[in-house]
Amino acid sequence: MFKVKVINSKGSDEASCENETSILLASRSTKIELTHRCGGHARCGSCLVTIRKGQEHLSPIGASEKKILTTLKAKDDQRLACQAWAKSDVECFQG
Ligand code: FES
């Protein structure tokens, strides 16, 4: 069992997870609703999150995600919540 904690300007909440999951999917069981305009297909970039803790617990960045991150000029600690899969504790901030 591990936790995916999501924070935004209104507060924070965390999901308890048993199996590897994307940050976006985990967030859907919290009160923090991450934006996901393209439905989680790595096309829009609206699910961008900044990883505060646990970056080492995330799946590697794939080609589709890299393309969007490059377009967004994302920083090294930013990922797409729909493409970043967590396998242990992670904490992230929306945006
Ligand atoms: S929901 Fe569109 S890129 Fe993640």
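Check the entry above for the structure.
Caption draft 1: Molecular detail of the overall build of the protein chain. Looking only at helices and strands, the protein chain features 2 helices and 7 strands. The order of α-helices and β-strands along the protein chain, N terminus first, is β-β-β-α-β-α-β-β-β. Rg of the C-alpha trace for the protein chain: 12 Å, near the compact-globule value of 12 Å for 95 residues, within the 12% margin. When its C-alpha atoms are laid out on the principal axes, the protein chain stretches across 30 × 25 × 20 Å. Here the protein chain holds 95 residues, and the buried ones make up 29% of them. Taking all contacts inside the protein chain whose residues are at least 6 apart in sequence as the whole, residues at least 24 apart take part in 64%.

Caption draft 2: The arrangement of the nonpolar core in detail. One finds Ile23, Cys47, Leu80 and Ala81 to be the most contacted residues of the largest nonpolar core, which totals 21 residues. Of all the secondary structure elements, the ones that give two or more residues to this core are strand 1 (2-8), helix 1 (23-27), strand 4 (48-53), helix 2 (63-71) and strand 7 (90-94). When residues no more than four places from it in sequence are discounted, the contact partners of Leu80 are Ala42, Gly45, Cys47, Leu48, Glu65, Ile68 and Leu69.

Caption draft 3: Representation of the environment of Ala63 in the model. Considering the arrangement of structural elements, one finds Ala63 in helix 2. The spatial distance from the C-alpha of Ala63 to the C-alpha of Met1 is 29 Å, given a sequence separation of 62 residues.

Caption draft 4: Structural context of the pairing of strand 7. Where strand 1 meets strand 7, 4 bridges bridge the pair, whose relative direction is parallel. Within strand 7, the residue paired with Lys5 across the bridge is Glu91. Sheet analysis places strand 4 next to strand 7, joined by 4 bridges and oriented antiparallel. Its bridge partner lying in strand 7, Val49 is registered against Gln94.

Cut-offs used in this document
- Residues numbered from 1 in each chain as written.
- Predicted model: local features only at pLDDT ≥ 70, side-chain atom pairs only at ≥ 80, totals over all residues.
- Helix = DSSP H or I, 4+ residues; strand = E, 2+ residues; numbered from the N terminus.
- Rg over C-alpha atoms; globule rule 2.2 N^0.38 Å.
- Buried ≥ 20, exposed ≤ 12 C-beta atoms within 10 Å, placed from the backbone.
- Contact = placed C-beta atoms within 7 Å.
- Core = buried A, V, L, I, M, F, W, Y, C linked by C-beta atoms within 7 Å.
- Pairing = 2+ DSSP bridges.

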